[in-house]
Amino acid sequence: MTLSNRQKGTIYIILSAFCFAWMNAFARLAGDLPFLQKSFFRNLVALLFALIILLRERASFRPAPHTLPTLFVRAAAGTVGIFCNFYAIDHLALSDASILNKMSPFFAVLCSWALLREKLSWKQGLLILGAFVGALCVIKPSFSNTQFFPSLIGLLGGFGAGLAYTMVRRLGQMGENKAYIVFFFSAFSCLITLPLLLLTYVPMTWKQMVILILAGLAAAGGQFGITSAYCYAPAKDVSIYDYTQILFAAGLGFLLFAQIPDWLSLLGYGIIIAMAIISFLQSRHEEAKHT
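Residues numbered from 1 in each chain as written. Predicted model: local features only at pLDDT ≥ 70, side-chain atom pairs only at ≥ 80, totals over all residues. Heavy atoms only, no water.

Visitor: Just checking my understanding: could you explain the overall build of the protein for this structure?
Guide: Helix and strand counts for the protein stand at 12 helices and 0 strands. For a compact globule of 291 residues, the expected C-alpha radius of gyration is about 19 Å, and the protein comes in at 19 Å, within 12% of that figure. When each of the 291 residues of the protein is scored for burial, the buried share is 48%. Residue pairs at least 24 apart in sequence account for 87% of intrachain contacts in the protein once pairs closer than 6 positions are excluded. Accessible surface for the protein amounts to roughly 14800 Å². Of this, 70% is attributable to carbon and sulfur atoms. (Helix = DSSP H or I, 4+ residues; strand = E, 2+ residues; numbered from the N terminus. Rg over C-alpha atoms; globule rule 2.2 N^0.38 Å. Buried < 20%, exposed > 50% of the residue type's maximum accessible area, 1.4 Å probe, protein only. Contact = heavy atoms within 4.5 Å. Areas by Shrake-Rupley, 256 points an atom, 1.4 Å probe, with all protein chains shown as cover.)

Visitor: Which parts of the structure should I look at to understand the packing of helix 2 (residues 35-57) against helix 8 (residues 178-200)?
Guide: The relative placement of two packed helices is expressed as an angle between their axes plus a distance between the axes. Axis separation between helix 2 and helix 8 bottoms out at 8 Å; the angle between their running directions is 150°. Of the two elements, helix 2 crosses helix 8, and the hand of that crossing is left-handed. Of the residues that constitute the contact of helix 2 with helix 8, the class distribution is 19 nonpolar, 6 polar and no charged. (Axes fitted to C-alpha atoms, helices over the stretch in contact; angles between N-to-C directions. Left-handed = near helix turned anticlockwise from the far one by under 90°. Nonpolar A, V, L, I, M, F, W, Y, C, P; charged D, E, K, R; others polar.)

Visitor: Explanation requested: the pattern of salt bridges in the structure shown.
Guide: Any two side chains of opposite charge can pair, given that their charged atoms come close. Counted under the stated rule, the structure contains 1 salt bridge. Of the charged contacts in the structure, one is a salt bridge between D90 and K38, with a shortest N-O distance of 2.6 Å. A residue pair is termed long-range when its members are at least 10 positions apart, and D90 in helix 3 (residues 68-91) and K38 in helix 2 qualify at 52 residues. (Salt bridge = Lys/Arg side-chain N within 4 Å of Asp/Glu carboxyl O.)

Visitor: Sorry, what's going on with the environment of A220 here?
Guide: Among the structural elements, A220 can be located in helix 9 (residues 206-232). With 177 residues separating them in the primary sequence, A220 and N43 have C-alpha atoms 9.0 Å apart.

Visitor: Got a minute to help me understand the nonpolar core in this structure?
Guide: Inside soluble globular proteins, nonpolar side chains tend to come together where they are buried. Among the nonpolar cores identified, the biggest contains 63 residues, and I99, L100, M103, F106, L155 and I272 are the most heavily contacted of them. Non-local contacts of F106, meaning those with residues more than four positions away in its chain, are made with L127, I128, A131, Y243, I272, M275 and A276. A77, C111, A164 and M167 belong to the second-largest nonpolar core, a separate cluster that totals 5 residues. (Core = buried A, V, L, I, M, F, W, Y, C linked by side-chain atoms within 4.5 Å.)

Visitor: Can you walk me through the packing of helix 3 against helix 8 in this structure?
Guide: It is the contact of helix 3 with helix 8, at a shortest axis distance of 9 Å, that shows an interaxial angle of 60°. One way to sum up the angle between helix 3 and helix 8 is to call them oblique. The hand of the helix 3/helix 8 crossing is right-handed. Listed contacts from helix 8 to L68, L71, F72, R74, A75, A76, G78, T79, I82 and F83 of helix 3 are Y180, I181, F184, F185, F188, S189 and T193. Split by residue class, the contact of helix 3 with helix 8 holds 12 nonpolar, 4 polar and 1 charged. (Parallel < 35°, antiparallel > 145°, perpendicular 65-115°, else oblique.)

Visitor: Mind showing me how you'd approach the packing of aromatic side chains here?
Guide: Remark: the centre distance and the inter-plane angle together describe each pair of aromatic rings, the angle taken between the planes. All chains considered together, the criterion is met by 14 aromatic pairs. Aromatic pair Y180 and F183: ring centres 6.0 Å apart, planes at 40°, arrangement tilted. A residue pair is termed a helical-turn pair when its members lie 3 or 4 positions apart in one helix, as Y180 and F183 do in helix 8 at 3 residues. Across the pair, F183 and Y180 agree in class, each one buried. On the numbers, 6.2 Å between centres and 45° between planes, the contact of Y180 with F184 is tilted. Taken together, the positions of Y180 and F184, both in helix 8 and 4 residues apart, correspond to about one turn of that helix. Both residues of the pair, Y180 and F184, count as buried. Members of the aromatic cluster, connected to one another through ring pairs, are F61, F72, Y180, F183, F184 and F188. The side chain of R28 reaches across the aromatic face of F257, ending 5.6 Å from its centre. Lying across the ring of F185, R74 places its NZ or CZ 4.2 Å from the centre. (Phe/Tyr/Trp six-rings, centres within 6.5 Å; stacked < 30°, edge-to-face > 60°. Lys NZ or Arg CZ within 6 Å of the ring centre and 35° of its normal.)

Laid out in structure tokens, this is it:
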């Protein structure tokens, strides 16, 4: 049986979501280590993967001068996104941390409108507003809620990821090598993290080291999967399946940590995923009208 490109893209993006869910689970399983330490090892593995690809392609390690500012913004935003995501993973249920991080597509739309001057329709605006209502259900803003601050940090991580994806899109338009974008980001993040890591480093057991390496490998698998997915099919056809990560995260959270989301969090998941599905269907409808 021969699979279409869309079917291949769907399979790859679901595999990517599965890998990223395991990355979050491994980060939690690593135990009481500083989130900066976890972030460093996650990015170090991705850096080695990108380095190997660039060496095999015999690509240049010197960026085009006109892409350098955008590369720095992408790297800084992505680093903030990872820091916040790993902090949220340590303090929230896996599914809560994952859904807040999955606000990134909505933030990407806002950033693309503000920075790339892409059009934002009133329908898209309403969908983004609906997604934020869902996020509020997960965050449950209240001074008596001990998870309020970690939830805000998780939402900030979604914003960082959304801004980073916007910059990746811009770099793609500028013709920058995809592997070099990953390499630059990973190297930047490791260099930023290293001085702070040396100040806060906590000795690790061999088990924690293995778990962090597995987290890095899962992250590399997720990155490979999502890159392959978008090579086979456009984002409008497959991006909705990235939300399967929430299902994987909820399952792993229950099996590994006995985490059960409360009803308000479940309502928030439903609202955010519903907004994503409506956005997906709307994009397909708009595309069909112009073909």
